Amino acid sequence: MTDAGHRIRLVTGDAGKAFTDGDPLVHLDALRRVALRLTRRPGDAEDLVQETYLRAYRGADRFLPGTSLRAWLCRVMRNAFLDGRRREGRNPVDAVADLEEVAAAEHGGGLLRGDAELDLLRRVVASEIEGALRSLPEDARMVVLLDVEGFAEAEIAVALDCAPGTVKSRLHRARLALRRRLADYRR
Amino acid sequence: MDCTGARERLRERVRGGLDPETTAGVDAHLAGCADCRHEAEAERLLDAALRGHLAEERAPDSLRRRVAAVVRADGAPVGPGRPERRPAWAMAAAALVLALLGFLGGRAAERRSAAEALADELVSDHLRVLASAHPLDVESTDSHQVKPWFEGRLDFAPVVPGDRGELRLAGGSVGYVMDRKAAVLAYALRSHRLTLLAFPRDGTPGLSAQPGAAPSRRARRGFEVVTWSAGDVAYALVGDVSGAELERIAVDLAAQTRR
């Protein structure tokens, strides 16, 4: 194969290949989508994404070839985000407090009954989705977002640095909390 | 299957990720359970709402450039031990050395290093088009639709060459060359993808001194780059076809842009 052929394959990455040895930049859009919901401000999100790539390239030797590159990049991003919060003197994400917060969100209001909820979900608008996501603790937000991005449970576990067995229940609780928050907008 | 079993698998069922047997089991339960049907529909709608809201959101080009610059400046690629990536980095390092020599060693070397840096940037712009899932803002094979799309988006008016021989226009978008807004035009040539970039000539280092000069060709990182100018606008054609073929196409395009 010519040098040029190699280069294109590596940069565009074919399915499956991109995880293990593709160009990390192909995940930029997804990382920025998640970063925007973590930081809430576009400028902060861009700084976070840049910091993530900087750390990823500097710590490239810690990436295990053959594992999911995007999951690892998200883990690097979560750590960068938490470090930023510590620098600002805010608490790092606390898993126990998070669960309590999710539980509070779950009890913040019930789901709408029957067709009312389905109608709501059909007509939900962007600002409501953003608002509902914001009401979730960061890790719950990340579980929901990474799931929508198509991450497998094992990848989410890597990204969140948690036990794979807990991802399914975290996701379930977070999505339920999200639906309750969305219902709150229509009360 | 009972409610607990069905609910655990609802999300995967909605996404079609279950094997046929389990799918049939979940469906059989849903047929007889209105509560679980509601849950399945709510999950599906929540997925649709989240995806519709998030899926196509792209990072701005300015961020893409920032990150690419950081990555270029900062070292080794992810996934050590893959020799095919090394030449690119080695050449980037060489370009850096060249740039330094150019700075120290007189005007000729300086111009050369500027041309190298420009070629590097042009190849990166081409790679960005190749690597992006949605590289084009206007997808059209008709140059009469693509050209007006740039109006108001650029402070110069590029010529947009249409189909010519085996060359097929795919569409365009706005990008950057050396931090200045540029027209990015995507073409297909058989199985190859070519990118034509148009950007302001004045103030862009690394271009040939004479505006009417013949297109000048250079190989960078496995790609061929041909640049020329037409009036105030500079053009660059980038692709992985042979240098001779790319130059032949560029001469033809240059004639169109200079008409």
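On a predicted model such as this, the values are computed, not experimentally measured, just so you know.

*Asks:* Report on the overall build of chain A, specifying residues and quantitative values.
*Replies:* Within chain A, the regular secondary structure consists of eleven helices and zero strands. In sequence order, the secondary structure elements of chain A are arranged as α-α-α-α-α-α-α-α-α-α-α. In chain A, once contacts between residues fewer than 6 apart in sequence are set aside, the share between residues at least 24 apart is 70%.

*Asks:* Account for the overall build of chain B, naming residues and giving values.
*Replies:* Tallying secondary structure elements over chain B gives eight helices and seven strands in all. Of all 259 residues assigned to chain B, the portion counted as buried reaches 36%. Contacts spanning at least 24 positions in sequence make up 54% of the contacts within chain B whose residues lie at least 6 apart.

*Asks:* So what's going on with the nonpolar core? Residues and values would help.
*Replies:* Residues Leu197, Tyr235 and Leu237 of chain B are the most contacted members of the largest nonpolar core, which totals 101 residues. The element that contributes the greatest number of residues to this core is helix H5 (residues 69-87) of chain A, accounting for nine residues. Leaving out residues up to four positions away in the same chain, Tyr235 of chain B has contacts with Leu196, Leu197, Ala198, Thr227, Trp228, Ala230 and Thr257 of chain B. Counting residues in each nonpolar core, the second largest holds seven residues, with Val14, Val26, Leu30 and Cys36 of chain B among its members.

*Asks:* Pulling in residues and values, what's your account of the environment of Leu207 of chain B?
*Replies:* Residues and elements named next belong to chain B. Tracing the chain through its elements places Leu207 in the loop between strand S4 (192-200) and strand S5 (216-220). Placed 20 residues apart in sequence, Leu207 and Thr227 show a C-alpha to C-alpha distance of 7.5 Å. Once you skip the residues sitting within four places of it in the chain, Leu207 turns out to touch Arg201, Thr227, Ser229 and Ala234.

*Asks:* Before we move on, could you go through the sheet that holds strand S1 (residues 138-139) of chain B and cite the residues and values that matter?
*Replies:* Residues and elements named next belong to chain B. Taking strand neighbours across the sheet as the criterion, the seven strands line up as S1-S2-S3-S4-S7-S6-S5 in an open arrangement whose pairing is antiparallel. The open sheet has two free edges, formed respectively by S1 and S5, since each of these has just one partner strand. In this sheet, strand S6 (residues 223-230) lies alongside S5 in antiparallel orientation, the contact comprising five bridges. In the sheet register, Ala219 faces S6, and the bridge partner there is Glu224. Across the sheet, helix H8 (residues 243-257) lies against strand S2 (167-177), S4, S5, S6 and strand S7 (233-239), angled at about 20° from S6, the strand it touches most.

*Asks:* I'd like to hear about the packing of helix H9 (residues 138-148) of chain A against helix H10 (residues 153-160) of chain A, residue by residue, with values.
*Replies:* Residues and elements named next belong to chain A. Two numbers describe how H9 lies on H10: the axes approach to 10 Å, and their chain directions differ by 145°. H9 and H10 meet at a crossing whose hand is right-handed. Residue-level contacts link Asp139, Met142, Val143, Leu146 and Asp147 of H9 to Ile156, Ala159 and Leu160 of H10. Of the residues in the contact of H9 with H10, the class split is six nonpolar, no polar and two charged.

*Asks:* Can you explain the pairing of S4 of chain B? Please cite residues and give values.
*Replies:* All names here are of chain B. Burial analysis of S4 places seven of its nine residues in the buried class, the great majority of the element. As judged from the seven bridges shared by strand S3 (residues 180-189) and S4, these two strands associate in the antiparallel manner. By the bridge assignment, Ala183 is partnered in S4 with Ala198. Where S3 hands over to S4, the hairpin turn is made up of two residues, of which Arg190 adopts a positive phi near 50°. In this structure, S4 lies alongside S7, joined through six bridges in antiparallel fashion. Opposite Phe199, over in S7, you have Ala234 as the bridge partner.

*Asks:* I'd like a description of the packing of H9 of chain A against helix H11 (residues 167-184) of chain A, backed by residues and values.
*Replies:* Residues and elements named next belong to chain A. Running from N to C, H9 and H11 cross one another at 100°; their axes reach a closest spacing of 9 Å. Taken as axis vectors, H9 and H11 run roughly perpendicular relative to one another. Here Ala140, Val143, Val144 and Asp147 of H9 lie close against H11, whose contacting residues are Val167, Arg170, Leu171, Ala174, Arg175, Ala177 and Leu178. For the contact of H9 with H11, a count of residues per class yields eight nonpolar, no polar and three charged.

*Asks:* Tell me about helix H2 (residues 20-32) of chain B, and please be specific about residues and values.
*Replies:* All names here are of chain B. For H2, with 13 residues, the first-to-last C-alpha span of 19 Å sits near the 18 Å given by 1.5 Å per residue. Three or more residues of H2 are buried, namely Val26, His29 and Leu30. Taken around the axis of H2, the buried residues stretch over an arc of 100°, which confines them to a single face. Exposed side of H2, more than 90 degrees from the buried face: Pro20, Glu21, Ala24, Ala28, Ala31 and Gly32 are the residues found there. Buried residues along H2 sit in contact with helix H1 (3-14) and helix H3 (34-54).

*Asks:* Give a description of helix H8 (residues 126-134) of chain A that names residues and reports values.
*Replies:* Working note: α-helix, 3.6 residues per turn, so residues spaced by three or four point in the same direction. All names here are of chain A. Among the residues of H8, Ile129, Ala132 and Leu133 are the ones counted as buried. In an axial view of H8, the angular spread of the buried residues amounts to 100°, which keeps them on one side of the axis. Across H8 from its buried face, at more than 90 degrees, point the exposed residues Ser127 and Arg134.

Criteria and cut-off values
Residues numbered from 1 in each chain as written. Chains lettered and ligands numbered in written order. Predicted model: local features only at pLDDT ≥ 70, side-chain atom pairs only at ≥ 80, totals over all residues. Helix = DSSP H or I, 4+ residues; strand = E, 2+ residues; numbered from the N terminus. Contact = placed C-beta atoms within 7 Å. Buried ≥ 20, exposed ≤ 12 C-beta atoms within 10 Å, placed from the backbone. Core = buried A, V, L, I, M, F, W, Y, C linked by C-beta atoms within 7 Å. Pairing = 2+ DSSP bridges. Axes fitted to C-alpha atoms, helices over the stretch in contact; angles between N-to-C directions. Left-handed = near helix turned anticlockwise from the far one by under 90°. Nonpolar A, V, L, I, M, F, W, Y, C, P; charged D, E, K, R; others polar. Parallel < 35°, antiparallel > 145°, perpendicular 65-115°, else oblique. Expected span 1.5 Å × (residues − 1). Arc of directions from axis to C-beta.

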